[in-house]
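Structural description and commentary
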Amino acid sequence: ASKLRLRRKPSVDLSIKNIGKDHNAALDYITKRKATSFGETFILAGEYLVETYGVENVEREVENAAGIFKKSQSNELGELLDVEERPKAMLSFAFETEIISRGLYKALLSVIDNIAKTGEVYDAFEQAFKLANLGKEEIKALEIGKDVAQNSEKYWKPKRDSNRRYLLPKWLAVVICDAVGGLVGNAIGGPIGGVILGAGASIEAAR
C-alpha cells in the first residue's frame, strides 16, 4: 500500500496554526531519511503528514507541490536555478498563474529584498505588514509565510553556525525558499500543501 494513504485514524488535527512547527518536523523527518531526489523529498513530506496526522490521502498534494517546484525552479533547459534565484522565481510563477494576488506578490518581493539586505526575517515581515495595503486573506497568507520563515530560521541556524555550506547568503536563501514555498503551498492545498511545498523547497535549497 502507498505510504501516502491513510493507515490509521488521525490522532491530531492538522491546523494552519501549526504550519511552522509542522514544517520543521517535516524537515527533520526528510533529513533523517536522506532523500536523494526532489521527487523523493516531496514524497517524504507527504509521508510525514500521513504518519503524524493520519491524513487520508496526500498523493495529489505531493504531485501538485512537486509540479510547482519543477516548473518554477528550473530554467528552459530543465536545470535547477541557483538557490538565490529560486524564491523570486517561485513567487513570479505563483503570481503569473494567479495562485497569489498582486498585493501579496509585491509584499513578498519586499520581504525577500529586505531579508537579503538586512538578514532580519522578523523585521522584514513586520515592515511588509505596515507598508503593504493588503486585504484580510492576504494578511493571513503573509502571516503563514512569516510563521514558516521564523521556524525555518530556528531549524537552520545551528547548521549555519556549524557548517560553512550554510553561511550567508545561502542560509538566507534557504529560509526565504521555505517562506515562499509554505505560502504558495498553502494557497494551492491548505496546511497540507503548505507543509509539503515549504519543506520540499527548503530541503532542495539546502542541498
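If you're wondering where the values come from, they're calculated on a predicted model, not measured in any experiment. (Residues numbered from 1 in each chain as written. Predicted model: local features only at pLDDT ≥ 70, side-chain atom pairs only at ≥ 80, totals over all residues. Heavy atoms only, no water.)

A few words now on the packing of aromatic side chains. For the structure on display, the rule yields six aromatic pairs. On the numbers, 6.3 Å between centres and 80 degrees between planes, the contact of Phe38 with Phe42 is edge-to-face. Remark: Phe42 and Phe38 occur in helix α2 (residues 38-53); sequence separation between them is four residues, near one turn of the helix. A relative accessible area of 27% means that Phe38 is categorised as partly exposed. Looking at Phe42, the relative accessible area reads 0%, which means it is buried. Both rings, one in Tyr155 and one in Trp156, keep their centres 5.0 Å apart while their planes meet at 85 degrees; by these two values the pair is edge-to-face. Given a relative accessible area of 3%, Trp156 falls into the buried group. Put simply, the rings of Phe38, Phe42 and Phe69 pair up and form one aromatic cluster. The side chain of Arg33 reaches across the aromatic face of Tyr29, ending 3.5 Å from its centre. (Phe/Tyr/Trp six-rings, centres within 6.5 Å; stacked < 30°, edge-to-face > 60°. Helix = DSSP H or I, 4+ residues; strand = E, 2+ residues; numbered from the N terminus. Buried < 20%, exposed > 50% of the residue type's maximum accessible area, 1.4 Å probe, protein only. Lys NZ or Arg CZ within 6 Å of the ring centre and 35° of its normal.)

In this section: helix α4 (residues 86-96). Within α4, burial applies to Arg86, Pro87, Met90, Leu91, Phe93 and Ala94. One face of α4 carries all of its buried residues, which in axial projection span an arc of 160 degrees. In the segment just after α4, Glu98 is the residue with positive phi, at about 65 degrees. (Arc of directions from axis to C-beta.)

Right, let's talk about the packing of helix α3 (residues 59-72) against α4 for a bit. Pairs of packed helices are described in terms of their axes, by the angle between the two and the distance that separates them. Packing of α3 against α4 brings their axes to within 9 Å, and their N-to-C directions diverge by 110 degrees. By the angle class used here, α3 and α4 are roughly perpendicular. When you trace α3 past α4, the crossing you get is right-handed. Of the residues in α4, those in contact with Ile68, Phe69, Lys71 and Ser72 of α3 are Arg86, Ala89, Met90 and Phe93. A class-by-class count of the residues in the contact of α3 with α4 yields five nonpolar, one polar and two charged. (Axes fitted to C-alpha atoms, helices over the stretch in contact; angles between N-to-C directions. Parallel < 35°, antiparallel > 145°, perpendicular 65-115°, else oblique. Left-handed = near helix turned anticlockwise from the far one by under 90°. Contact = heavy atoms within 4.5 Å. Nonpolar A, V, L, I, M, F, W, Y, C, P; charged D, E, K, R; others polar.)

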